[in-house]
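Observations on the three-dimensional arrangement
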Amino acid sequence: PPVPASAPAASAALPPRALGPPPLGPVSPAPRAESGKPSAAACLEECGPEEGGVPADAVLAPLREALDACRPTVQKQVCDDIGRRLTVLGDAWAQGKLSAPVRKRMSLLVQELQRQHWDAADEIHRSLMVDHVNEVSQWLVGVKRLIAESRSLPAAEPAAATDGSAQAGPGPEDP
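Heads up: these notes are all about the structure in this document. (Residues numbered from 1 in each chain as written. Predicted model: local features only at pLDDT ≥ 70, side-chain atom pairs only at ≥ 80, totals over all residues. Heavy atoms only, no water.)

Brief notes about the pattern of salt bridges
Just so we agree on the cut-off: Salt bridges are defined as contacts in which a side-chain nitrogen from Lys or Arg sits within 4 Å of a carboxyl oxygen from Asp or Glu. Secondary structure elements are taken from DSSP: a helix is a run of H or I of four residues or more, a strand is a run of E of two residues or more, and numbering for both begins at the N terminus. Per-residue accessibility, obtained with a 1.4 Å probe over protein chains only, is compared with the maximum for each type, and a residue is labelled buried under 20%, exposed over 50%, and partly exposed between these values.
Here the structure, examined in full by the defined rule, presents 11 salt bridges. Residue Asp81 pairs with Arg85 through a salt bridge whose shortest N-O separation is 3.0 Å. Of the two residues, Asp81 and Arg85 both sit in helix 5 (residues 76-94), four residues apart, roughly one turn of that helix. Among the salt bridges present, the one from Asp119 reaches Arg151, with a minimum N-O distance of 3.1 Å. Of the two residues, Asp119 is situated in helix 7 (residues 118-131) and Arg151 in helix 9 (residues 140-151); the sequence distance between them amounts to 32 residues. According to the relative accessible area criterion, Asp119 is exposed, its value standing at 56%. The exposure class of Arg151 is partly exposed, given its relative accessible area of 36%.

Digging into the nonpolar core
Rules: In plain words, nonpolar cores are sets of buried Ala, Val, Leu, Ile, Met, Phe, Trp, Tyr and Cys residues tied together by side-chain atoms within 4.5 Å. In this description, contact between two residues means that some pair of their heavy atoms is separated by no more than 4.5 Å.
Formed by 31 residues in total, the largest nonpolar core has its most connected members in Leu63, Leu86, Leu89, Met106, Trp139, Val143 and Leu146. For this core, the secondary-structure elements that each account for two or more residues are helix 4 (56-70), helix 5, helix 6 (100-114), helix 7 and helix 9. Ranked by the residues each element gives to this core, the list is headed by helix 5, at seven residues. Those residues within four positions of Leu89 in sequence are excluded, and the remaining contacts are Leu60, Leu63, Leu98, Met106 and Trp139.

Written out as structure tokens, the structure is:
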């Protein structure tokens, strides 16, 4: 506890959940965000490089690869929905609507996804949902579904092997 006087001031400035604005602005962290850090995870991110300089493609490319790997075994409708949500994520990123902590955490999530650390990726997804719900609610559902579908893929089977046969094989796929 660094400065006890800053805690009442922060709570007076930010009413607890009554009004609903997020504690951190999407453009730049306010000075009071450093004195009253929301969580330990947020501290890890904000103590690093300030701008969260992660290129959008470093996050989106692996997510789209994971989606392509799922296509042979996952219903087209589900894949299309995930694809739409990834597009929403890409647009928000390109328009600068995502805060540095969200960009940083998405970068970590993608790393865990690539290492097939499903539980770790899921945990990061949950922390994003809890700490940044207003920022992530439109697209994070797609990321969650992508984690779940990637987890249920056969382990080391190359996607190319099942590509042609899966489309010709199962008939009644429509709901």
